[in-house]
Amino acid sequence: MNLDEFDRFRRKVDENGIVFYYTGYLSQNIIGSIGDALRTKLEAEDIKGPAARRIFSTFIEMMQNILNYAENPAIETDKAGLHIGTIAIGHTGDNFFIVCGNSMAQAHVSRLRDKLEHIQALSLDEIKQEYKRRLREDPEAGSKGAGLGFLTVARDASQPIEFNFHEDARNPGIQHFFLKAII
């Protein structure tokens, strides 16, 4: 990337209201550092209370999702447990948006799509009921957490969550998964 391309990228970021963007390896330490920067940004913009909690909660859930599930079978997993992901945080008008992305095997797309489409179809009250029900149950097979992450994101969002999958043209069998929440 030359400097003119980088400037075009920077202008595109500004035009889209993005205040923070990161792509690369993730670890708990990196998530903590980004979280500190996000808290400082929210304080600087005098965003407090429930709005700040929802923004921060959504950020943490998305980052944990990347840390727990990002995979790219075409690339050997890093021995330190680092996973590659992308996060963008921005605002439009009075709302913040958080978008995350990571790679995953094609074999997981159908199950994840079904889960997210189900959550998209729920009302806020139904999301809260589903959340409470899942708290009482054992985690789903293959889950690396309590299975509440997407429900937490949907509960905190002011609009239905958005998601998409894009095939990796360079690596057959790999999909790029993107999730967006507006707070």
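Just above, that's the structure.
What this report covers is the structure whose coordinates are included nearby. (Residues numbered from 1 in each chain as written. Predicted model: local features only at pLDDT ≥ 70, side-chain atom pairs only at ≥ 80, totals over all residues. Heavy atoms only, no water.)

**Some remarks on the sheet that holds strand β4 (residues 162–167)**
Using the following cut-off: The pairing criterion is simple: DSSP has to find at least two bridges between the two strands. Helix numbers and strand numbers start at the N terminus; a helix is a DSSP run of H or I with at least 4 residues, a strand a run of E with at least 2. Geometry is summarised by axes, namely lines fitted to C-alpha atoms with helices restricted to the contacting stretch, and by angles between N-to-C directions that run from 0 to 180 degrees.
Pairing is antiparallel across the open sheet formed by 5 strands, whose spatial order is β1-β2-β3-β5-β4. One side of each edge strand has no neighbouring strand; the edge strands of this open sheet are β1 (18–26) and β4. Adjacent strand axes in the sheet meet at a mean angle of 15° when their direction is disregarded. Of the strand pairs in this sheet, strand β2 (residues 83–92) and strand β3 (residues 95–105) are connected by 8 bridges, and their pairing is antiparallel.

**Digging into the nonpolar core**
Across soluble globular proteins, nonpolar side chains show a tendency to be buried alongside one another. Selection criterion: As used here, the term nonpolar core means buried Ala, Val, Leu, Ile, Met, Phe, Trp, Tyr and Cys residues forming a set that is joined through side-chain atoms within 4.5 Å. With a 1.4 Å probe rolled over the protein chains alone, any residue whose accessible area is under 20% of its type maximum counts as buried; one over 50% counts as exposed, and the rest are partly exposed. Residue contacts follow a heavy-atom distance rule, with two residues in contact if any of their heavy atoms lie within 4.5 Å.
Counting 41 residues, the largest nonpolar core has F59, I161 and F177 as the members making the most contacts within it. Ranked by residue count, the leading element in this core is helix α3 (residues 49–69), at 8 residues. If sequence neighbours within four positions are ignored, F177 has contacts with N65, C100, G101, N102, M104, L112, L116, F150, F163, N164 and F165. Counting residues in hydrophobic clusters, the runner-up holds 5 residues, among them I18, A88, F97 and I182.

**Examining a nonpolar patch on the surface**
Rule in force here: Residues enter patches when they are more than 30% accessible in relative terms and free of salt bridges; like-charged ones are connected within 9 Å and nonpolar ones (Val, Leu, Ile, Met, Phe, Trp, Tyr) within 5 Å. Only the protein chains shown count as cover for residues, with accessible areas throughout obtained via the Shrake-Rupley method and a probe of 1.4 Å. By definition here, a salt bridge exists when the distance from a side-chain nitrogen of Lys or Arg to a carboxyl oxygen of Asp or Glu is within 4 Å.
A grouping of M1, F6, F9 and Y21 is seen on the molecular surface, where their side chains present a nonpolar patch of about 450 Å² in accessible area. For F9, the position within the fold is in helix α1 (residues 3–15).

**Here we look at unusual backbone geometry**
For D46, which is not a glycine, the phi torsion comes out positive at approximately 55°. The exposure class of D46 is exposed, given its relative accessible area of 52%.

**A few points about the packing of helix α4 (residues 109–121) against helix α6 (residues 149–156)**
Quick note on the threshold: Oblique is the label for every angle not falling under 35 degrees (roughly parallel), over 145 degrees (roughly antiparallel), or within 65 to 115 degrees (roughly perpendicular). With the far helix as reference, a near helix turned anticlockwise by less than a right angle produces a left-handed crossing, and one turned clockwise produces a right-handed crossing. Gly falls in the polar group here, along with every residue not listed as nonpolar (Ala, Val, Leu, Ile, Met, Phe, Trp, Tyr, Cys, Pro) or charged (Asp, Glu, Lys, Arg).
In the contact formed by α4 and α6, the axes pass within 10 Å of each other and the chain directions differ by 30°. The angle between the axes of α4 and α6 places the two elements in the roughly parallel class. Between α4 and α6 lies a crossing of right-handed hand. Packed against α4, whose contacting residues are L112, K115, L116 and I119, the element α6 presents F150, L151 and A154 at the interface. Considered class by class, the residues forming the contact of α4 with α6 number 6 nonpolar, no polar and 1 charged.

**A few points about the packing of aromatic side chains**
Inclusion rule: Between rings of Phe, Tyr and Trp, where Trp is taken as its six-membered ring, a pair exists when centres lie within 6.5 Å; planes separated by under 30 degrees are stacked, by over 60 edge-to-face, and by other angles tilted. By definition, being over a ring means that NZ of Lys or CZ of Arg is both within 6 Å of the ring centre and within 35 degrees of the ring normal.
Here the structure, examined in full by the defined rule, presents 6 aromatic pairs. Their ring planes at 70° and their centres at 5.7 Å tell us that F9 and Y21 sit as a pair that is edge-to-face. Placement of the pair is F9 in helix α1 and Y21 in strand β1, with a sequence separation of 12 residues. Residue classification places F9 among the partly exposed positions, given a relative accessible area of 34%. Relative to F177, the ring of F150 has its centre 6.3 Å away and its plane inclined at 80°; by these criteria the two rings are edge-to-face. Highlighted residues: F150 in helix α6 and F177 in strand β5 (residues 174–182), separated in sequence by 27 residues. Like F177, F150 is buried. A connected cluster of aromatic rings, assembled from ring pairs, spans F150, F163, F165 and F177. For the cation-ring pair, R155 lies above Y131, with the distance from its terminal atom to the ring centre recorded as 4.8 Å. Between K180 and the ring centre of F97, over which it is positioned, the NZ or CZ distance is 5.5 Å.

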